[in-house]
Amino acid sequence: FSVPKEIKEASIKKIYKTDKNRYETILWLTEFIKKYKKDIHQKGLYLCGNFGCGKTYLIAAIFNELGKDGIKSAIVFWPEFLNGLKASFNSDVRSEFKNKYNYVKKVPLLLIDDLGAEVVTGWSRDEILCPLLQYRMDEKLPTFFTSNLDLKALENHLAITSKGDEIIKAGRIISRIKQLTDYQEMISKNLRE
């Protein structure tokens with residue numbers, strides 16, 4: 001959903017490997033592929049780091065690799081996905097909202113890209129993100145996240161809405177993310193520069 005061509009065509013063969021700061025993440029993702037082929041009930045990855053270090057590309061590359069075996073995946077740029085859901089919800093095409101949301105909820109592999117870049121509302125956090133994560137947690141569906149925020153900063157981000165500071169509701173999201181994922185931080189060269 002709304003990802004650039006480069007990400008759609010991401011390949012393990014084209015991964016930038018000369019930066020040792022990326023090694024641990026590349027190793028984790030390589031192991032994920034091997035484990036997933038034996039048991040689909042694997043934890044995903046919460047990958048945070050600086051702008052442009054290739055977080056999304058790395059995860060897209062493993063999704064594409066597993067896609068060669070017919071495994072379906074979805075990558076959603078979270079801020080734009082929320083805007084699209086909101087727009088379809090307000091239109092006469094309510095089924096479009098339901099179809100998009102259900103697809104993302106149930107797809108075998110999911111990447112929520114750039115979590116923490118969205119404007120937080122009670123609706124997006126409590127009615128969209130929380131049930132989505134709960135379903136994927138209950139069904140043991142591998143879920144991946146990229147963010148520029150570590151989990152503490154993400155919790156602070158999710159807590160602040162127009163209603164004020166809602167740290168308990170934000171904590172519920174963080175708890176689900178921790179249940180769904182392993183955590184890694186990748187600070188690397190900005191490949192966009």
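In this report, we go over the structure that sits alongside the text.

**Details of the packing of helix α2 (residues 23-38) against helix α3 (residues 55-67)**
And then number 1: Close contact between α2 and α3 brings their axes to 10 Å; oriented N to C, the two are set at 25 degrees. Relative to α3, the element α2 lies roughly parallel. In the packing of α2 onto α3, the handedness of the crossing is right-handed. Residues Thr 25, Ile 26, Leu 29, Phe 32, Ile 33, Tyr 36 and Lys 37 of α2 form the contact with α3, whose participating residues are Leu 58, Ile 59, Ile 62, Glu 65 and Leu 66.
And then number 2: Looking at the contact of α2 with α3 residue by residue, the classes come out as nine nonpolar, one polar and two charged.

**What to know about the nonpolar core**
And then number 1: Grouped together as the largest cluster of nonpolar side chains are 31 residues, with contacts concentrated most on Trp 78, Leu 110, Ile 112, Leu 115, Leu 133, Leu 154 and Ile 177.
And then number 2: Counting residues per element, the ones that place at least two in this core are β1 (44-49), β2 (73-77), α4 (78-90), α5 (94-106), β3 (109-113), α6 (122-138), α7 (151-159) and α8 (167-180).
And then number 3: Those residues in contact with Leu 115 that sit more than four places away from it in its chain are Trp 78, Leu 129, Phe 145, Thr 146, Ser 147, Leu 154 and Ile 177.
And then number 4: Counting residues in each nonpolar core, the second largest holds 26 residues, with Leu 47, Tyr 57, Ala 60 and Ile 62 among its members.

**Things to note about the packing of α6 against α8**
And then number 1: At a minimum axis distance of 10 Å, the contact between α6 and α8 shows a crossing angle of 25 degrees. Our classification of the angle between α6 and α8 gives roughly parallel. For the pair α6 and α8, the crossing hand works out as left-handed. Across from Arg 125, Asp 126, Leu 129, Cys 130, Leu 133, Gln 134, Arg 136 and Met 137 in α6, the residues of α8 making contact are Lys 169, Ala 170, Arg 172, Ile 173, Arg 176, Ile 177, Gln 179 and Leu 180.

Cut-offs and rules
- Residues numbered from 1 in each chain as written.
- Predicted model: local features only at pLDDT ≥ 70, side-chain atom pairs only at ≥ 80, totals over all residues.
- Heavy atoms only, no water.
- Axes fitted to C-alpha atoms, helices over the stretch in contact; angles between N-to-C directions.
- Helix = DSSP H or I, 4+ residues; strand = E, 2+ residues; numbered from the N terminus.
- Parallel < 35°, antiparallel > 145°, perpendicular 65-115°, else oblique.
- Left-handed = near helix turned anticlockwise from the far one by under 90°.
- Contact = heavy atoms within 4.5 Å.
- Nonpolar A, V, L, I, M, F, W, Y, C, P; charged D, E, K, R; others polar.
- Core = buried A, V, L, I, M, F, W, Y, C linked by side-chain atoms within 4.5 Å.
- Buried < 20%, exposed > 50% of the residue type's maximum accessible area, 1.4 Å probe, protein only.

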